[in-house]
Amino acid sequence: MQAQSEHTEAPQVAASSTLALMHYLDTRGLLDTARVTAVTGLAPDTLSDPDLRVPAHAHYRLWALAEELTGDPGVGLHAGQVIDPERMGLVGHVFFNCDTLGEAVVQYVRLHRLINESVTLSFEQTPDQAILTWQPDHPDHYCRQDMDRTLAAALCRTRHFIHRGIRADWLEVAHPEPPYAAEYFKLFGGAVSFGSGITRLAFDSKHLGHPIPHRNPYVYSAVLKQVNAVLARLQSRRTFSRKVRRLISRQMATDRIDADTLAGQCHMSRQTLYRKLRKEGLSFHDLVEQVRKDKALRYVAEDRYALGEIAFLLGFSELSAFSRAFKRWTGVAPVQFRASHRGVNHG
């Protein structure tokens, strides 16, 4: 079997997004923590650290489970309309404490990778319109429910905190038209088209100069300082350790993972490799484990490979060793994880 091309950076999302979705389910009496852990590999009680990052693929699987538990295909649109400042995340607090909506949009674009590393957000301004564009880095990173939530939250929070009269001039949505399409027209107010392959939201550029009421410059300064520190750490990880992750992933299916060989590929000694990783708060062993775990969760959930093939692809000598490691990572055996995930599709 030919191995799929690997995106070994394992993009991450802010844990605050995952916690907000769990809270949405919990307030409706639908949070099944055992199923959440089985389907995503995440234990809800480990996600309280505001700086924590969650693998994007695990977050997207939670959205698929949320749709199943609620029986609501439009769960993303509905969750995005809930205004809860306590679960907004650091970037939200920066956004709503800027001077103007225009400044807030610039910060939102700059800091978007803190919210979701798997999607690139860009902004353009014409004489009449301001246009935001969301583009996944890879088709596998597109999640209909999460995009619905992103769009609804962006508009509803802006209406709540800044200007009640704001509406979309038009909206292009990447995914095909869903059965709840009429809700987009009602919520956004402008023309909506589906199946665009890209997601773009346009609004009147006159709103960019709108002042943000109730902004707190002290909160803005303190939160921005914290956010910039998190962003700096993230960008640091996205350089050296990301390169090492990519090399580990490439080597994993072909040979035994060897630090000396990897160090040579980075043109440095093994000791220098270890030291550079330590500066980012990582060890070589930790990175190998992270790559194995990320690949294992993805492969087992996707149901493309037999479990024995996955064990081989991840460098385990036999299936039993892989099964023990998988249970250590997630608390469940791979067979159970696959069974729990079967039929859950992030559309």
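Since we're looking at a predicted model, the values are computed, not measured. (Residues numbered from 1 in each chain as written. Predicted model: local features only at pLDDT ≥ 70, side-chain atom pairs only at ≥ 80, totals over all residues. Heavy atoms only, no water.)

Student: Give me the pairing of strand β3 (residues 119-125): which residues, what numbers.
Tutor: For a regular strand, the rule is simple: side chains alternate between the two faces of the sheet. Sheet analysis places β3 next to strand β4 (residues 129-136), joined by seven bridges and oriented antiparallel. For V119, the partnering residue across the bridge sits in β4 and is P136. Count of turn residues in the β3/β4 antiparallel hairpin: three residues. (Pairing = 2+ DSSP bridges. Helix = DSSP H or I, 4+ residues; strand = E, 2+ residues; numbered from the N terminus.)

Student: Mind laying out unusual backbone geometry, listing which residues take part and the relevant values?
Tutor: For H214, which is not glycine, the phi torsion reads 65° and is therefore positive. Mapped onto the fold, H214 is located in the loop between β7 (199-204) and α9 (217-252). Residue H214 is classed as exposed on the basis of its relative accessible area of 79%. Phi is positive for H267, which is not a glycine, with a value near 60°. On the basis of relative accessible area, H267 is assigned to the exposed category, the value being 73%. (Buried < 20%, exposed > 50% of the residue type's maximum accessible area, 1.4 Å probe, protein only.)

Student: So what's going on with the environment of T330? Residues and values would help.
Tutor: Looking at the element boundaries, T330 is found in helix α14 (residues 319-330). As a C-alpha pair, T330 and G41 span 289 residues in sequence and 4.9 Å in three-dimensional space. Apart from residues no more than four positions distant in its own chain, T330 is found in contact with T37, G41 and L297. (Contact = heavy atoms within 4.5 Å.)

Student: Describe the packing of helix α1 (residues 15-27) against helix α3 (residues 56-70), with residues and values.
Tutor: Put simply, α1 and α3 touch, their axes get as near as 11 Å, and they point 10° apart. As far as their axial angle goes, α3 and α1 are roughly parallel. Touching S17, T18, L21, M22 and L25 of α1 are H59, L62, W63, A66, L69 and T70, all from α3. In terms of residue class, the contact of α1 with α3 is made up of seven nonpolar, four polar and no charged. (Axes fitted to C-alpha atoms, helices over the stretch in contact; angles between N-to-C directions. Parallel < 35°, antiparallel > 145°, perpendicular 65-115°, else oblique. Nonpolar A, V, L, I, M, F, W, Y, C, P; charged D, E, K, R; others polar.)

Student: An account of the nonpolar core is requested, with residue identities and associated values reported.
Tutor: V94, L114, W134, L171, Y184, F188 and F203 are the most contacted members of the largest nonpolar core, which has 69 residues in total. Those residues in contact with W134, other than ones at most four positions away along the chain, are Y108, H112, V119, T120, L121, M147, T150, L151, I198, T199 and L201. Residues M252, V291, L307 and W329 belong to the second largest nonpolar core, which totals 36 residues. (Core = buried A, V, L, I, M, F, W, Y, C linked by side-chain atoms within 4.5 Å.)

Student: So, the packing of aromatic side chains: which residues are in play, and what are the values?
Tutor: Tallied over the entire structure, the rule returns 10 aromatic pairs. For the ring pair F95 and Y108, a centre distance of 5.8 Å and an interplane angle of 90° mean the geometry is edge-to-face. Taken together, the residues F95 in helix α5 (residues 89-95) and Y108 in helix α6 (residues 101-115) connect sequence positions 13 residues apart. There is no split in this pair, since F95 and Y108 are both buried. Ring plane angle 55° and centroid distance 5.8 Å describe the contact between F322 and F326, whose orientation is recorded as tilted. Separated by four residues within a single helix, F322 and F326 lie in helix α14, roughly one turn from each other. (Phe/Tyr/Trp six-rings, centres within 6.5 Å; stacked < 30°, edge-to-face > 60°.)

Student: Report on a positive patch on the surface, specifying residues and quantitative values.
Tutor: A cluster of basic residues, K243, R275, K276, R278 and K279, forms a positive patch at the surface. Ranked by residues supplied to the positive patch, first place goes to helix α11 (residues 270-279) with four residues. As for its position among the elements, K243 is in helix α9. (Patch = residues over 30% accessible without salt bridge, like charges linked within 9 Å, V, L, I, M, F, W, Y side chains within 5 Å. Areas by Shrake-Rupley, 256 points an atom, 1.4 Å probe, with all protein chains shown as cover. Salt bridge = Lys/Arg side-chain N within 4 Å of Asp/Glu carboxyl O. Lys, Arg positive; Asp, Glu negative; His and termini not counted. Charge placed at Lys NZ, Arg CZ, Asp CG, Glu CD.)

Student: Requested: an account of the confidence of the model for the protein, with residues and values cited.
Tutor: Keep in mind that low pLDDT regions are not for reading the predicted coordinates in detail. Averaged over every residue, the pLDDT of the protein is 85; residues scoring 70 or more account for 92%. Mean pLDDT across the elements of the protein bottoms out in helix α15 (residues 334-341) (79) and peaks in helix α4 (residues 75-80) (97). (pLDDT = per-residue confidence, 0-100.)

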